[in-house]
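# Coordinate inspection notes
Residue-level listing of the chains:
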Amino acid sequence: MSGQSAALRVSVEEKLGVDKFHVDESYPHIEVDKAADPADIMTLVRACPAGLYKYSEGALTFDYAGCFECGTCRVLSKGKVVSKWSFPKGTFGVEYRFG
Amino acid sequence: MSEDKFDAIIVGAGIAGATAALLLAREGLSVVVVERGNYAGAKNMTGGRLYAHSLEAVIPGFAEAAPVERRVTQERISLMTETGCFTASFLNGRPGAPDRDSYVVLRGAFDRWLMEQAEAAGAMLVSGVLVDDLLTRDGRVCGVIAGEDKMPAEVVILADGANSQLLERAGLRAEPVGPRQMAVGVKEVIEFDDKVVEDRFNLLPGEGLAWLFAGLPSGGKVGGGFLYTNKASVSVGLVATTAEFMKSERTIHELLERFKAHPAIEPLLKGGKLAEYSGHMVAEGGYDMIPRLYNDGVVVIGEAAHLVINLGYTVRGMDLAAGSAQAAAKAVIAAKQAGDFSARSLAAYKTFLDDSFVIKDMKHYRKFPHFMENSRLFNEYPEMLEKICAGIFTVDGRAPASMLSKLMEPMKEVGLLNLMKDGLKGARSL
């Protein structure tokens, strides 16, 4: 399975723009360790469905606002990178209209 | 929030939770469902296809009233490579039968409808409330804690889904689930103008297509793609084992875009408009991953109990959710009659579940998750089929090879021994 990856026609940010989120500005429900091993960080960069983990020039940036609350990063990181994982408080977070 | 003690508090208003609520309310138990989303289904997502049989047993003829998208009459399975796609297609033209049918559903609408049936039977829904923790006394579960509120109950039914945070709190799983045991799924719902879906997929009104893919969608890793037809949209996406992203070249988002851009898929999505993008985890460890199912004052049902069967050609979770809800409701009703909600009494849940299709089926396919962890299924075999087909269907003026060698050469590349071994192993695990 070789070959270069197809040019992305739609960015993940554009896709998240279609979704409905109630963002709790006062409570980040996931916190990350910016000093974590880059290899562990890259795993989450690749696996996060919402593309919220970004790693460039040696720095991890993470924004909880577009989170699907799926838990993939929680399961994958096994305590590394993700220093806290919880659900957003009631009423907050993603709201699927189709699902 | 009420100070009264409920017979049952159910965490999560998905199919498992709402079905359990409906059954308990019908028997007159006081039951409240606590849902962290603003409505039932707000946090839920499926590929997805609901096999009707188990919900049919609870609400006969439910599909006539429920917001289902389409009844599945067409099945397709594809092995996909970068430049090819080998597809087996089956049209089931027999008339529908409620206990054999399956439906494409979207959970936003479907779960809300199901929860309304439970509410009509007397269950209460508290939405927009996150259960933070379990209330315990002397080591037994006796309610839930939500923010400042403590809600007591005789029994707590965990129906909080694949990403349950309460399973370990209830002492039902000692070790957290590992990356090999969970997959991550992404899905786009792409909307079309009226009639486009039926014309493009050759469907009669109300009838639908379920299409599963192996190979390219998951980047040759353990996983697969899917495409389901809704009323006026399609659900297209893929699932891959989370552990695969420790070493993959691509992001899950790149995999999805590449799958959608494949020549077998792109024309089918043309002109559509993205209505929603979603992601969810799904358990895929099979029978051996099922946690302890009950403790004093608590039982776990649905995907929180990791009740999922993925065979590549059928993917099941929602029918197991409804099935486990029935077994749990039966045990809780008996516990109420006996006035005993201890682990000894709630052990009846496991007995009922073991006797039901849920555990029988999970046991039957116990070896399949291990069989799926075979790279050849997602790489060599799709490529082998592409080569065989290209050999058979290409005319280029050169001297023809014999049909036997057109078949055998690509098979030899994979290795005849591997083919035999995998074929046998696959057959045995099914």
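Residues numbered from 1 in each chain as written. Chains lettered and ligands numbered in written order. Predicted model: local features only at pLDDT ≥ 70, side-chain atom pairs only at ≥ 80, totals over all residues. Heavy atoms only, no water.

## Brief notes about the overall build of chain B
In terms of helices and strands, chain B carries 15 helices and 19 strands. Scaling as 2.2 N^0.38, a compact globule of 430 residues should have a C-alpha radius of gyration of about 22 Å, and chain B matches this with 23 Å. With the principal axes as the frame, chain B shows a C-alpha extent of 85 × 45 × 40 Å. Put simply, of all contacts in chain B between residues at least 6 apart along the chain, 74% involve residues at least 24 apart. Split by element, the accessible area of chain B, about 17400 Å² in all, is 53% carbon and sulfur. Averaging the coordinates of the 47 positive side-chain charges in chain B and doing the same for the 54 negative ones gives two points 5 Å apart. (Helix = DSSP H or I, 4+ residues; strand = E, 2+ residues; numbered from the N terminus. Rg over C-alpha atoms; globule rule 2.2 N^0.38 Å. Contact = heavy atoms within 4.5 Å. Areas by Shrake-Rupley, 256 points an atom, 1.4 Å probe, with all protein chains shown as cover. Lys, Arg positive; Asp, Glu negative; His and termini not counted. Charge placed at Lys NZ, Arg CZ, Asp CG, Glu CD.)

## Considerations on the interface of chain A and chain B
Residue-level contacts link 44 residues of chain A with 61 residues of chain B. For the pair chain A and chain B, the summed buried area comes to about 4400 Å², and 53% of that belongs to carbon and sulfur atoms. Our enumeration of links across chain A and chain B arrives at five salt bridges. For K15(A), the salt bridge identified is with E188(B), shortest N-O distance 2.5 Å. (Buried area = accessible area lost by both parts, 1.4 Å probe. Salt bridge = Lys/Arg side-chain N within 4 Å of Asp/Glu carboxyl O.)

## Describing helix α6 (residues 252-260) of chain B
Among the nine residues of α6(B), eight are classified as buried, and the element is accordingly described as predominantly covered. Of the positions making up α6(B), those classed as buried are I252(B), H253(B), L255(B), L256(B), E257(B), R258(B), F259(B) and K260(B). (Buried < 20%, exposed > 50% of the residue type's maximum accessible area, 1.4 Å probe, protein only.)

## Some remarks on helix α1 (residues 15-26) of chain B
All names here are of chain B. Counted at 1.5 Å a residue, the expected span for α1 with its 12 residues is 16 Å, and the 16 Å between its end C-alpha atoms agrees. Counted residue by residue, α1 has 11 buried out of 12 residues, so it is predominantly covered. Among all positions of α1, only I15, A16, G17, A18, T19, A20, A21, L22, L23, L24 and A25 are buried. Contact partners of the buried residues in α1: β1 (6-11), β2 (31-35), α2 (53-58), α4 (107-120), β10 (149-158) and α8 (318-338). Looking one or two residues beyond α1, the residue adopting positive phi is G28, at roughly 85 degrees. (Expected span 1.5 Å × (residues − 1).)

## Considerations on the nonpolar core
The biggest cluster of nonpolar side chains holds 102 residues, and the ones touching the most others in it are I10(B), L24(B), F62(B), F110(B), L158(B), I301(B) and Y349(B). The greatest single-element share of this core, amounting to 12 residues, is contributed by α8(B). Taken together, domain 1 (6-66 + 105-173 + 291-355) and domain 2 (371-429) of chain B each give at least three residues to this core, which thus spans both. Ranked by size, the runner-up nonpolar core spans 38 residues in total, among them F21(A), L60(A), V82(A) and I252(B). (Core = buried A, V, L, I, M, F, W, Y, C linked by side-chain atoms within 4.5 Å. Domains from an automatic or database assignment.)

## Digging into the confidence of the model for chain A
Per-residue pLDDT for chain A averages 92, and the proportion of residues at 70 or more is 92%. pLDDT under 50 marks residues 1-7 of chain A. Its contacts with residues more than four places away, or in other chains, come to 14 contacts. (pLDDT = per-residue confidence, 0-100.)

## Remarks on a nonpolar patch on the surface
There is a patch of nonpolar side chains on the surface, built from I77(B), Y313(B) and L430(B) and spanning about 230 Å² of accessible area. The residue I77(B) is located in strand β4 (residues 70-80) in this model. (Patch = residues over 30% accessible without salt bridge, like charges linked within 9 Å, V, L, I, M, F, W, Y side chains within 5 Å.)

## Describing the domain arrangement of chain B
The domain architecture assigned to chain B consists of domain 1 (6-66 + 105-173 + 291-355) and domain 2 (371-429). The C-alpha centroid of domain 2 of chain B is placed 45 Å from the C-alpha centroid of domain 1 of chain B.

## Looking at unusual backbone geometry
Here the amide bond leading from G47(B) into G48(B) is cis, since omega sits at -10 degrees, within 30 degrees of zero. Examined against the element boundaries, G48(B) turns out to sit in the loop between β2 and β3 (49-51). Non-glycine residue K78(A) carries a positive phi angle of around 45 degrees. With respect to the element layout, K78(A) can be found in the loop between α3 (72-77) and β5 (82-85). Relative accessible area serves as the criterion here: at 59%, K78(A) is assigned to the exposed category.

## As for the environment of A390(B)
Residue and element names in this part refer to chain B. Residue placement: A390 occurs in helix α13 (residues 380-393). The exposure class of A390 is partly exposed, given its relative accessible area of 40%. Sequence separation between A390 and G225 is 165 residues; the distance between their C-alpha atoms is 23 Å.

## A few points about the side chain of R316(B)
Residue and element names in this part refer to chain B. On the secondary structure map, R316 appears in strand β19 (residues 315-316). Of the residues examined, R316 reaches a relative accessible area of 13% and is grouped as buried. There is a polar contact of 2.9 Å between the side chain of R316 and the side chain of D361. Excluding anything up to four places from it in sequence, R316 contacts Y51, H53, L307, V308, I309, F357 and D361. (Polar contact = N/O pair within 3.5 Å; in protein donor to acceptor, adjacent residues only side chain to side chain.)

## Things to note about the packing of helix α9 (residues 343-355) of chain B against helix α10 (residues 357-364) of chain B
Residue and element names in this part refer to chain B. Their axes nearest at 4 Å, the elements α9 and α10 cross at an angle of 60 degrees. Taken together, the axes of α9 and α10 lie oblique to each other. Facing α9, whose interface residues are L353, D354 and D355, α10 presents F357, V358, I359 and K360. Among the residues forming the contact of α9 with α10, the class breakdown is four nonpolar, no polar and three charged. (Axes fitted to C-alpha atoms, helices over the stretch in contact; angles between N-to-C directions. Parallel < 35°, antiparallel > 145°, perpendicular 65-115°, else oblique. Nonpolar A, V, L, I, M, F, W, Y, C, P; charged D, E, K, R; others polar.)

## A look at the packing of α8(B) against α10(B)
Residues and elements named next belong to chain B. Across the interface, α8 lies against α10 with an axial gap of 9 Å and an inter-helix angle of 135 degrees. Comparing the axis directions of α8 and α10 gives the class oblique. Packed against α8, whose contacting residues are D319, L320, G323 and S324, the element α10 presents F357, V358 and M362 at the interface. Looking at the contact of α8 with α10 residue by residue, the classes come out as four nonpolar, two polar and one charged.

## A closer look at the packing of aromatic side chains
For the coordinates displayed, the defined rule picks out 12 aromatic pairs over all chains. Note on F68(A) and Y96(A): the rings are 6.1 Å apart at their centroids and 50 degrees apart in plane angle, and the pair reads as tilted. One end of the pair, F68(A), is in the loop between β4 (59-62) and α3; the other, Y96(A), is in the segment after β6 (93-94), with 28 residues separating them in the sequence. Across the pair, exposure class does not vary: F68(A) and Y96(A) are buried alike. Measuring from ring centre to ring centre gives 6.2 Å for F62(B) and F110(B), while their planes differ by 80 degrees; the resulting arrangement is edge-to-face. One end of the pair, F62(B), is in helix α3 (residues 62-65); the other, F110(B), is in helix α4, and 48 residues separate them in sequence. (Phe/Tyr/Trp six-rings, centres within 6.5 Å; stacked < 30°, edge-to-face > 60°.)

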